[in-house]
Structures are given as C-alpha cells and as structure tokens.
Amino acid sequence: MGDPRAFLKVKRHKSKEAPAQERIKTWREFTIEPPPEELLSQASRCMDCGIPFCHQGCPLGNLIPEWNDLVYRGDMESAAARLLATNNFPEITGRICPAPCEASCVLNLDGEPVTIKDIERAIARSPRAHPKLAAIDITPTGRKVAIVGSGPAGLAAADELQKRGHAVTVFERDARIGGLLRYGIPDFKLEKWLIDDRVNELAARGVTFRTRVDVGSDVTKDDLFAYDAVLLATGSRVPRDLATPGRELVGVHYAMDFLSQQNDRVAGVSVPKDRELLATGKRVVVIGGGDTGSDCVGTSIRQGALSVMQLELMPRPSLTRMPENPWPEWPLVFRTSSSQEEGCERDFGVMTTGFVASADGHTLAGLSAVRAELRGGKITPQPGTDLSIPTELCLLCMGFTGPERGLPELLGLTLDARGNVPTDATGRTSVPKVFATGDASRGQSLVVWAIADGRRAAEGIHAALRGS
Ligand SMILES: Cc1cc2nc3c(=O)[nH]c(=O)nc-3n(C[C@H](O)[C@H](O)[C@H](O)COP(=O)(O)OP(=O)(O)OC[C@H]3O[C@@H](n4cnc5c(N)ncnc54)[C@H](O)[C@@H]3O)c2cc1C
Ligand code: SF4
C-alpha cells in the first residue's frame, strides 16, 4: 500500500484546468495533467482501507488501491497492466467518467477522496496501456462474431472477443467509428485522436471495421445470422421530445443534431449550408441539465453565442449531502460542470410550455415557461409564475427514450417496457445467437457502464461459442 499516513498529511489536489477565457477559444482539451511528483503524492493518499468501496463504485471493478500503490512506487508499467486488466479504454474514462469511484472512496467521508480519475488518466499514457499486435498471443477459434455499433460497448466487446481468438466484424452506420464518443461528446472533453489510436490498434490486431453500413437495410437478417454470434451495441439514440406548441419552429433542435455537426467541423468534415445549426450571435436556451446539456453549453459558448441559459425542470439540488443520501451513495448535490463555469445562466424548476415564432411565423423568437415545484414526487406547475425567455436557438437535451426501432423487430427480439433490449446476465437476448449490450440494453447511461457491459457480453458470447 502507499504511505499509510499520507492521507493525514497530503491534501487532495485535483488536476488544474486552463482558465475559461482561454479554453473557450479552442476545441482542444483543457485539463493540465499534474507533474509526476504530484501524481505520486496524490496516489500515496490511498490508504488501502481493507474494504475498498471504490471497487464497488467503479462499474468496471477497477483495482484502484493496487494501481494507486504501484503509482506511488513509481512503477507505471505495472500500474498500466493492472488497469488494463479491467478497463479497455482508461484514457477515455480517465477523461470523461464522472468517477463514481471517488464518490465512494472512504476518504470522501469528509469530501477529500483520492484523485482516482486523474491517476487513471496518467497511467493510461503508459505504452503498456496500449498493447500492440505482437504483445498479444492469440489462437484463432475459427468463430465469427458480428458487432452492430461501434460505441464504447461495441469496441470493448470487439477488443475482448478478438483477444479470445474470434474473428470480429464491427458494422457502423456512421462514417467514422466511435458512436457517441465520436459524434456526441465534444472534442474539448475528448479529443478524437484517442479513439483513432484504439481503432487503429484493434484493426492492426485483425478486427474488421465496416463503416457507412446500416444493419437492417445494407446488411440483412440472413447476412447477420451467417455469423456464429451477433452482438447488438446500437446505443439508446431516440431523443426525448418536448410536445409543446411551436415545437416545429426553425431554431428548436435536438442536442445531437447540433453536437454532431460541431464534431464533424472539428474533424474537418463540412456541414451542408442548408442544414447548418450554429449558436453564433444567438441567445441560446438549453433545456435539460445533464451531460448532454452541458456539452451544448460549452459548444454554444465556443461558437460565440450571445448568451447561454440552461433550464432544468427539477428543483435546484442541495449544496451539501442530505441525510437521505448518505455516503457511499452517489452524491445528489449541486454541481457545476466545466462548461457551465465558462459562462452560463442556470435556472431550476422551470417547465417550458411553448415556443414563440418571430414575425415570419416559422423561426424561433422565444419560449414561454412556468415555474414548477416537486410535490409528492410530482412536478407541479405554479399558477401565476409565467416566464417569457427570448431565444433564437433552443436545444433539447432531455435524455433518450431507448434504442431505435426496426432492427430489434427485424431480429425478432422482445423489448422491455422501456423499449430497451432485455438480456440475461451474460448479455443473451430472447433470440438464440443474439446478444445485446451497452445503452441498447441498459438505456442511456455512461461510457464506463458501456465498457463494463461490452466486456460482460463478450464473456457471454465466448462462453456460448466455446460451449457449442
Ligand atoms: C452528448 C452526450 C454526452 C455524453 N457525455 C458523457 C460523458 O461525459 N461521460 C459519460 O460517461 N457518458 C457520457 N454520455 C453517455 C455515453 O456517451 C453513452 O452512455 C455511451 O456512448 C453508450 O455507448 P454504446 O456503445 O452503448 O452506444 P453508442 O455510443 O450510442 O453507439 C452506438 C452505435 O451504434 C450505431 N448503430 C445504431 N444502429 C445501427 C445500425 N442499424 N447499423 C449500424 N450501426 C448502428 C450508431 O451509429 C452508434 O455509432 C454522453 C452522451 C451524450 C449523448
Ligand atoms: S472508470 Fe470511472 S469509476 Fe472506474 S476508476 Fe475510472 S474514473 Fe473511477
């Protein structure tokens, strides 16, 4: 273990960030990684507490106290090997995971958890975290697996199945690999060369990637069933709509339509003029307070919005933990994301009731809303609290309702009440040979869960193929 008394002497120091006024001038990441000596001293704070709650907090079961100790001893190579044993893409989670591990760290009892995520990100820089073809000894099984969808769940499964000797083909409808890592999450949170590096590594090891292929139309059911196993990793991509008067106005758009365009621009892919969505010079309203909403805030600010306002239906959370939300539960407290810090007005308990057209009758000029309170578990509008907010661009970020319809039905899969593809613990669906993973079966979640699910489904497929 690290220094058994370090947590008494060394304060938590999180990695620093470039000042907001500087970072909004570019699309680059802005975290300033701590120098090696600082990293070592932060790792020493891990007290190897006997029952490591961080293992349970991390959906991947990352062996956190083990690699903290190795980092403290300066053995980054062994730390990378331990990290890679449970996490296929630590360079990604080390950047965008909300770090439930830190919430459940025993030191978080007084709000000073180990900087686990920073340490993970630093370990992921080690060459050992990127095994090349020669480093992996693989015996081909002669079995073929089709993976539909190249988000983190599909990629983690491809990595695991290829290591077990199966011939893996990943089908992706988009032009580039990565799912929401590529098209949803902005570059200022995750630069895309990180995905390219992993994809190149997988391709060099023999994984076949087929992009611009829509499974269900370009690839038929018979084509798919020619594989020994099929893994559905299609995500949860149907956005929740706001059925309110004026919804059809030009200027009211889904978050993903806006974010994916900007990710394309940063990648050098031009966006057709007639489809262009830009916040430049506009008063932007973002409806929804989650990750997607924050990403729209940061993107709008970088595009040069006149102002950005973010509305949340739920009441403002408490600044401190409430007694009904004790450690090590995920703290339901008021948070400010890096994008919100960059200059955004936030309002809570606001229910949008309609969109207002400008004089031309078809473009957005504003929205109407009313204050709402949470009473008896129900959001209740408050009479006499009408609001009118001017806006030329309103982005809907109210979550996703489930996987797209069509392919699950084509494959004869049953869906659960929420529209997701239910599976058993090994990822098996109701149809033999077909497995499902990630957001497609869990519902919209987190990258760390997608990787964990992808690993589990790969294990399930491997067991099924070995059994047959
Ligand atoms: C804007 C935004 C920001 C987010 N930020 C974070 C964050 O900061 N941290 C975090 O942990 N999580 C974040 N999330 C959530 C996270 O991105 C998802 O939980 C995760 O990507 C789910 O992975 P997945 O592999 O299941 O699906 P996805 O990433 O959605 O990938 C599914 C893939 O399947 C493809 N596909 C679908 N149907 C077909 C078909 N018929 N044929 C071929 N291909 C098909 C899609 O094109 C897509 O590429 C964010 C989500 C959004 C929308
Ligand atoms: S993947 Fe997320 S939860 Fe797991 S150790 Fe890394 S930051 Fe923590």
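Here the structure is shown first, and the text comes after it.
Summary of the structure given here. (Residues numbered from 1 in each chain as written. Chains lettered and ligands numbered in written order. Predicted model: local features only at pLDDT ≥ 70, side-chain atom pairs only at ≥ 80, totals over all residues. Heavy atoms only, no water.)

**Brief notes about the overall build of the protein**
Next up, step 1: Broken down by element type, the protein carries 19 helices and 17 strands.
Next up, step 2: The C-alpha atoms of the protein give 23 Å as radius of gyration, which agrees with the globular expectation for 468 residues (23 Å, within 12%).
Next up, step 3: Structurally, the protein occupies a C-alpha span of about 70 × 65 × 45 Å along its principal axes.
Next up, step 4: Here the protein holds 468 residues, and the buried ones make up 52% of them.
Next up, step 5: Restricting to contacts in the protein with at least 6 residues of sequence separation, those with at least 24 account for 68%.
Next up, step 6: Of the accessible surface of the protein, which amounts to about 20900 Å², a share of 55% is contributed by carbon and sulfur atoms.
Next up, step 7: In the protein, the 56 positive side-chain charges and the 59 negative ones have mean positions that sit 1 Å from each other. (Helix = DSSP H or I, 4+ residues; strand = E, 2+ residues; numbered from the N terminus. Rg over C-alpha atoms; globule rule 2.2 N^0.38 Å. Buried < 20%, exposed > 50% of the residue type's maximum accessible area, 1.4 Å probe, protein only. Contact = heavy atoms within 4.5 Å. Areas by Shrake-Rupley, 256 points an atom, 1.4 Å probe, with all protein chains shown as cover. Lys, Arg positive; Asp, Glu negative; His and termini not counted. Charge placed at Lys NZ, Arg CZ, Asp CG, Glu CD.)

**Considerations on the site of ligand 2**
Next up, step 1: Surveying the vicinity of ligand 2 reveals the residues Cys-58, Asn-62, Ile-64, Thr-93, Cys-97, Ala-99, Pro-100, Cys-101, Ile-116, Glu-120 and Val-448.
Next up, step 2: Only helix 8 (100-104) and helix 9 (116-123) provide two or more residues apiece to the shell around ligand 2.
Next up, step 3: Tallied by class, residues from the shell around ligand 2 come to eight nonpolar, two polar and one charged. (Near = heavy atom within 4 Å. Nonpolar A, V, L, I, M, F, W, Y, C, P; charged D, E, K, R; others polar.)

**Looking at the layout of surface pockets**
Next up, step 1: Considering only enclosed or pocket space, the second largest pocket measures out at about 260 Å³ in volume.
Next up, step 2: Ile-287, Gly-288, Glu-312, Leu-313 and Met-398 are, among the 13 residues lining the second largest pocket, the residues nearest its centre.
Next up, step 3: The set of elements that each furnish at least two residues to the lining of the second largest pocket consists of strand 10 (307-312) and strand 12 (350-357).
Next up, step 4: The dominant element in the lining of the second largest pocket, judged by the number of residues it contributes, is strand 12, at three residues.
Next up, step 5: Tallied by class, the residues present in the lining of the second largest pocket amount to nine nonpolar, three polar and one charged. (1 Å grid on protein atoms, 1.4 Å probe; cavity = no way out; pocket = protein on both sides within 12 Å on 5 of 7 lines; lining within 4 Å. Points joined across faces, edges and corners; volume = space filled by probe spheres on them.)

**Things to note about the site of ligand 1**
Next up, step 1: Around ligand 1 sit 37 residues, and of these Ile-96, Glu-172, Lys-189, Asp-439 and Val-447 come closest.
Next up, step 2: Within the backbone of Leu-180, one N or O atom sits 3.0 Å away from an oxygen atom of ligand 1.
Next up, step 3: Computed on the free molecule, ligand 1 has an accessible area of 1000 Å², of which 98% lies beneath the protein chains in the complex.
Next up, step 4: Listing elements by their share of the shell around ligand 1, those giving two or more residues are helix 10 (152-163), helix 15 (291-303) and helix 19 (447-467).
Next up, step 5: Examining the composition of the shell around ligand 1, we find that three residues originate from one element, helix 15, more than from any other.
Next up, step 6: By residue class, the composition of the shell around ligand 1 is 17 nonpolar, 11 polar and nine charged.
Next up, step 7: When residues are assigned to domains, the shell around ligand 1 turns out to be shared by domain 2 (140-237 + 401-467) and domain 3 (241-398), each giving three or more. (Polar contact = N/O pair within 3.5 Å; in protein donor to acceptor, adjacent residues only side chain to side chain. Domains from an automatic or database assignment.)

**Side note on the sheet that holds strand 6 (residues 229-232)**
The strands that make up a sheet pair up through hydrogen bonds in the backbone, lying either parallel or antiparallel.
Next up, step 1: If you trace the five strands from one edge of the open sheet to the other, you get 5-4-3-6-17, paired in parallel fashion. The outermost strands of the open sheet, each flanked by one partner alone, are strand 5 (208-210) and strand 17 (434-436). Ignoring strand direction, the axes of neighbouring strands in this sheet form an average angle of 20°.
Next up, step 2: Here strand 6 pairs with strand 17 via three bridges, running parallel. Bridge pairing in strand 17 places Leu-231 opposite Phe-435.
Next up, step 3: Relative to strand 3 (residues 144-148), helix 10 is tilted by about 170°, and along the sheet it contacts strand 3, strand 4 (167-171), strand 5 and strand 6.
Next up, step 4: Here helix 19 sits on the sheet in contact with strand 3, strand 6 and strand 17, set at roughly 165° to strand 17. (Pairing = 2+ DSSP bridges. Axes fitted to C-alpha atoms, helices over the stretch in contact; angles between N-to-C directions.)

**What about the packing of helix 5 (residues 64-72) against helix 9?**
Next up, step 1: At their nearest, the axes of helix 5 and helix 9 sit 11 Å apart, and the two run at 65° to each other. Note on packing geometry: the crossing formed by helix 5 with helix 9 is left-handed. Contacts between helix 5 and helix 9 involve Ile-64, Trp-67, Asn-68 and Val-71 from the first element and Ile-116, Ile-119, Glu-120 and Ile-123 from the second.
Next up, step 2: Split by residue class, the contact of helix 5 with helix 9 holds six nonpolar, one polar and one charged. (Left-handed = near helix turned anticlockwise from the far one by under 90°.)

**Comments concerning the packing of aromatic side chains**
Aromatic ring pairs are reported here in terms of the distance separating the ring centres and the angle at which the planes meet.
Next up, step 1: With the rule as written, the count across this model stands at four aromatic pairs.
Next up, step 2: With centroids separated by 4.8 Å and ring planes inclined at 70°, the aromatic side chains of Phe-53 and Trp-327 adopt a geometry described as edge-to-face. Placement of the pair is Phe-53 in helix 4 (residues 53-57) and Trp-327 in the loop between strand 10 and helix 16 (338-341), with a sequence separation of 274 residues.
Next up, step 3: Looking at Trp-327, the relative accessible area reads 21%, which means it is partly exposed.
Next up, step 4: The interplanar angle of 90° and the centroid separation of 6.2 Å between the aromatic rings of Phe-171 and Tyr-227 together place this pair among those described as edge-to-face. Here Tyr-227 lies in the loop between helix 13 (221-225) and strand 6 and Phe-171 lies in strand 4, a separation of 56 residues in the sequence. For the pair Phe-171 and Tyr-227, a shared accessibility class is recorded, and that class is buried.
Next up, step 5: Lying across the ring of Tyr-254, Arg-247 places its NZ or CZ 4.9 Å from the centre.
Next up, step 6: Here the basic side chain of Arg-302 rests over the ring of Phe-188, its NZ or CZ set 3.8 Å away from the ring centre. (Phe/Tyr/Trp six-rings, centres within 6.5 Å; stacked < 30°, edge-to-face > 60°. Lys NZ or Arg CZ within 6 Å of the ring centre and 35° of its normal.)

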